[in-house]
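Structural features, examined
Listed below, chain by chain, are the residues.
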Amino acid sequence: MQENNSVRESTPLMKLWTVDEAAAFLNISSGTLYHWVSEMRVPCMHLGKRCLRFDPQQMKQWAASFGQSEIVDK
């Protein structure tokens with residue numbers, strides 16, 4: 001039986017950011033990012049109950065939609 005690899009070969013795997021990587025991109029603490037996630041202020045993916053990941057492209061678009069002063073940790 002031959003395995004169909006066409007989907008796997010044509011679809012590149014997307015590198016998702018960890019909490020630390022996303023927080024560094026936003027220049028905020030990981031605690032602030034967790035708080036924003038709990039308030040549903042930032043786009044994220046829940047992989048199970050305790051695993052969060054962030055799509056870099058979505059994060060860049062989300063951050064660009066705000067002025068720099070609006071995403072700074074207050």
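In the block above lies the structure referred to throughout.
Read on for a plain summary of the structure. Predicted, not measured: the structure shown is a model, and the values here were computed from it.

**Here's the deal with the overall build of the protein chain**
Helix and strand counts for the protein chain come out as four helices and two strands. Within the protein chain, counting contacts between residues at least 6 apart in sequence, those at least 24 apart form 46% of the total.

**Digging into the packing of helix α2 (residues 19–26) against helix α4 (residues 56–64)**
At a closest axis distance of 11 Å, the pairing of α2 and α4 adopts a crossing angle of 30°. Accordingly, the angle class assigned to the pair α2 and α4 is roughly parallel. Crossing hand, α2 versus α4: right-handed. Here Ala22, Phe25 and Leu26 of α2 lie close against α4, whose contacting residues are Met59, Lys60, Trp62 and Ala63. Of the residues in the contact of α2 with α4, the class split is six nonpolar, no polar and one charged.

**Some words on α2**
Count 3.6 residues to each turn of an α-helix, and residues three or four apart come out pointing the same way. Of all the positions in α2, only Val19, Ala22, Ala23 and Leu26 are classed as buried. Buried residues along α2 cover an arc of 100° about the axis, so they all sit on one side. In α2, those exposed residues whose orientation departs by more than 90 degrees from the buried face are Asp20 and Ala24. One or two residues past the end of α2 sits Asn27, with phi positive at roughly 60°.

**Here we look at helix α3 (residues 30–38)**
Looking only at α3, the buried set comprises Thr32, Leu33, Trp36 and Val37. Buried residues in α3, looked at end-on, bunch into an arc of 140°, giving them a common side. Looking at the buried positions of α3, the neighbouring elements they touch are α2, β1 (45–46), β2 (52–53) and α4. Phi turns positive, to about 55°, at Met40, one or two residues after α3.

Criteria and thresholds
- Residues numbered from 1 in each chain as written.
- Predicted model: local features only at pLDDT ≥ 70, side-chain atom pairs only at ≥ 80, totals over all residues.
- Heavy atoms only, no water.
- Helix = DSSP H or I, 4+ residues; strand = E, 2+ residues; numbered from the N terminus.
- Contact = heavy atoms within 4.5 Å.
- Axes fitted to C-alpha atoms, helices over the stretch in contact; angles between N-to-C directions.
- Parallel < 35°, antiparallel > 145°, perpendicular 65-115°, else oblique.
- Left-handed = near helix turned anticlockwise from the far one by under 90°.
- Nonpolar A, V, L, I, M, F, W, Y, C, P; charged D, E, K, R; others polar.
- Buried < 20%, exposed > 50% of the residue type's maximum accessible area, 1.4 Å probe, protein only.
- Arc of directions from axis to C-beta.

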